[in-house]
Amino acid sequence: MKKNRILTPGPTPVPQEVLLSMAKPTIHHRTAQFRKIFKEVNDNLKYVFKTQNDIFTLSSSGTGAMEAAVVNLLSPGDTAICVGGGKFAERWSEICKTYSIKTIAIDVEWGNVVSPTEIEKTLDENKQIKVVFTTLSETSTGVLTDIKKIAQITGKRDVVIVTDAISALGGEELETDAWGVDVVVSGSQKGLMSPPGLAFCSVSPKAWKLVAVSKSPRYYFDFRIAKKALDKGDTAFTPAITLCIGLNTALKMIKEETLENVIQRQGRLAAALRRAMQALGLELFASIPANVVTSVCLPKGIDGDVLVAMMQNVYGVTIAGGQAHLKGKIIRIGSMGHMNEFDIITGISALELVLCKMGYKFEHGVGVGAAQKELLKSE
Ligand SMILES: *Cc1c(COP(=O)(O)O)cnc(C)c1O
């Protein structure tokens, strides 16, 4: 019998409570019943985002909120900085180019982080820049960027900072208002323990000034239409009702555990994962590793694609491989969302078994043992 377990950096496991709350007959959205749920969702999203800004809930995957941020903030011919360094970071510049927005790329080697000073210098040299697009945890490389520092730089200027927190939200420290992050985008299927299909975008008053003058074409993702509805506690179009109901349950679970404790738990699990990899003689890929996803370099002769497929086919444990030029070279293990010690231990154990089958030499159980020691330390 094969039991399936998902340890990918999105989608992530959905708790039974969330699944059950969605297994009920569909309700109509223009009702007091749904408005109550939507209000709770909005209030609890603000709790998780740590913001008083409006948060728009869109029926799309996370990328929809990225596209929404671009078209609502910028007009064709406007200039934006797009910080590189990973597959998702590069998506910002792809979307900008699609909408004829001029991009100034700040190249970052995959696995490294951007230097805030370089952003500052670029802003000083190019006064026409309106927006800086960044990524908090770059899920393709496992790197965590110092958004707080970058927001300090944009905060002193007439420049809006946009942060992709799709994988970071609910797992990494993020102070939307206290740090002054104008626009934060996220999605339902990572730290928020819900199925894929909802995207979120918080918009500060400073960013709203750009929304008001943007000339980019937009209809479904027009924040002006969304705001009119949101001010009445509604969505402009039929929301993904069932997903909102599931998300409501998930957010209540996060609130009950408290966001601080959730983030601390993610930190413990990631520390255990990192220790295990070290004990197995595997190097971490990220220079500054995030807690929500751990990226690991593979030794010569071990093909990451084969490893990932074997873990899934033989043991039912799904992790992620490398993307783009990292395909086959790294693996990525998610620890975000509904995860505890035993999910991590199981993942490490399955990895050991497959590494062994693939001919990698190490002492059996050394990864699991190291993880347990680390977990005991932080109990
Ligand atoms: C998952 C992810 C995305 C893409 O989100 P989709 O929901 O697949 O559209 C973008 N950015 C980051 C950092 C992610 O982790």
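Scroll up to find the structure.
A.B. asks: Lay out the overall build of the chain in plain terms, naming residues and giving numbers.
C.D. replies: Across its full length, the chain carries 14 helices and 14 strands. Expected size for 379 residues packed as a compact globule is a radius of gyration near 21 Å; at 21 Å, the chain falls within 12% of this value. Dimensions of the chain along its principal axes, counting C-alpha atoms only, are 60 × 55 × 35 Å. With 379 residues in all, the chain has 57% of them scored as buried. Relative to all contacts within the chain whose residues are 6 or more apart in sequence, the contacts with residues 24 or more apart total 73%. Element-wise, carbon and sulfur atoms account for 54% of the exposed surface of the chain, whose accessible area totals about 16,000 Å². Of the charged side chains in the chain, 44 are positive and 38 negative; the average position of the first set lies 4 Å away from that of the second.

A.B. asks: Break down the side chain of Ser204 for me, citing the residues and quoting the values.
C.D. replies: Of note, Ser204 is situated in the loop between strand E10 (199-203) and helix H8 (205-213). On the basis of relative accessibility, which here comes to 6%, the residue Ser204 falls in the buried class.

A.B. asks: Explain the packing of aromatic side chains to me, and be specific about the residues and the numbers.
C.D. replies: Using the criterion set out here, one finds eight aromatic pairs in the structure. Judged by centre distance (6.2 Å) and plane angle (40 degrees), the ring pair of Phe56 and Trp208 falls under tilted. Taken together, the residues Phe56 in strand E2 (residues 54-58) and Trp208 in helix H8 connect sequence positions 152 residues apart. Residue classification places Trp208 among the partly exposed residues on the basis of a relative accessible area of 23%. Three or more aromatic residues link up through ring pairs in this structure, and these residues are Tyr219, Tyr220, Phe221 and Phe237. The ring centre of Phe88 lies 5.4 Å from the NZ or CZ of Lys190, which sits over that ring.

A.B. asks: Any details on unusual backbone geometry? Residues and values, ideally.
C.D. replies: Of the consecutive residues Gly10 and Pro11, the connecting peptide bond is found in the cis state with omega at -5 degrees. Within the secondary structure, Pro11 sits in the loop between strand E1 (5-6) and helix H1 (16-22). Even without glycine at this site, Lys50 takes up a positive phi of about 55 degrees. With respect to the helices and strands, Lys50 occurs in the loop between helix H2 (32-49) and E2. Residue classification places Lys50 among the partly exposed residues on the basis of a relative accessible area of 26%.

A.B. asks: Can you explain the site of the ligand? Please cite residues and give values.
C.D. replies: The full set close to the ligand counts 13 residues, and Ser61, Thr63, Thr139, Asp164 and Lys190 are the nearest of them. A distance of 2.5 Å separates an oxygen atom of the ligand from a polar side-chain atom of Ser61. Gln189 is positioned such that a nitrogen or oxygen atom in its side chain is 2.7 Å from an oxygen atom of the ligand. Burial of the ligand by the protein amounts to 89% of the accessible area it has alone, namely 380 Å². Where the shell around the ligand is concerned, the elements lending two or more residues are helix H3 (62-73) and helix H4 (87-98). Broken down by element, the residue count for the shell around the ligand peaks at three residues, all from H3. Each residue belonging to the shell around the ligand can be placed in one class, and the counts come to three nonpolar, seven polar and three charged.

A.B. asks: Please give an account of helix H6 (residues 147-155) that cites residues and values.
C.D. replies: Since the α-helix turns once every 3.6 residues, residues separated by three or four places project in the same direction. Within the span of H6, buried status applies to Ile147, Ile150, Ala151, Ile153 and Thr154. For H6, the buried positions fall inside an angular range of 155 degrees around the axis, keeping them on one side. Each element contacted by the buried residues of H6 is listed here: helix H5 (116-125), strand E5 (129-135), strand E8 (160-164), helix H7 (176-179) and H8.

A.B. asks: Talk me through the pattern of salt bridges; I want residue IDs and the actual numbers.
C.D. replies: The tally for this structure, following the rule as stated, stands at 19 salt bridges. Between Arg157 and Asp124 there is a salt bridge, with its nearest N and O atoms 2.6 Å apart. In this pair, Arg157 sits in the loop between H6 and E8 while Asp124 sits in helix H5, placing the two residues 33 residues apart along the sequence. Asp305 is the salt-bridge partner of Lys327, the closest N and O atoms lying 3.1 Å from each other.

Basis of the calculations
Throughout this document, residue positions are counted from 1 along each chain, in the order its sequence is written. Owing to the predicted nature of the model, reporting of local features is limited to residues with pLDDT of at least 70; listing and counting of side-chain atom pairs is limited to 80 or more, with chain, interface and lining totals taken over all residues. Where side-chain values are given, they derive from all heavy atoms of the structure, hydrogens and water being excluded. Helix and strand labels come from DSSP, where a helix needs a run of H or I of at least four residues and a strand needs a run of E of at least two; each type is numbered from the N terminus. Taken over C-alpha atoms, the radius of gyration is set against a globule rule of 2.2 Å times the number of residues to the power 0.38. Partly exposed describes any residue whose relative accessible area lies between the buried limit of under 20% and the exposed limit of over 50%, with all areas from a 1.4 Å probe on protein chains only and scaled to the type maximum. Only heavy atoms enter the contact rule, under which two residues are in contact if any of them lie within 4.5 Å. Note on areas: Shrake-Rupley with a 1.4 Å probe; residue coverage comes only from the protein chains shown. Residues counted as positive are Lys and Arg, residues counted as negative are Asp and Glu, and His and the chain ends are not counted. Charge coordinates come from a single atom per side chain, which is NZ of Lys, CZ of Arg, CG of Asp or CD of Glu. The aromatic pairing rule takes the rings of Phe, Tyr and Trp, using the six-membered ring of Trp, and pairs them if the centres are within 6.5 Å, calling planes under 30 degrees apart stacked, those over 60 edge-to-face and the rest tilted. Geometrically, a charge over a ring is one whose NZ (Lys) or CZ (Arg) sits within 6 Å of the ring centre while staying within 35 degrees of the ring normal. Distances are taken per atom, and a residue is near a molecule or strand as soon as one of its heavy atoms is within 4 Å of it. Two N or O atoms form a polar contact when they lie within 3.5 Å of each other; inside protein one atom must be a possible hydrogen donor and the other a possible acceptor, and for residues adjacent in sequence the pair counts only when both atoms belong to side chains. Under this grouping Gly is polar, as are all residues other than the nonpolar Ala, Val, Leu, Ile, Met, Phe, Trp, Tyr, Cys and Pro and the charged Asp, Glu, Lys and Arg. Arc definition: directions from the helix axis to the C-beta atoms. Throughout this description, the term salt bridge denotes a Lys or Arg side-chain nitrogen within 4 Å of a carboxyl oxygen of Asp or Glu.

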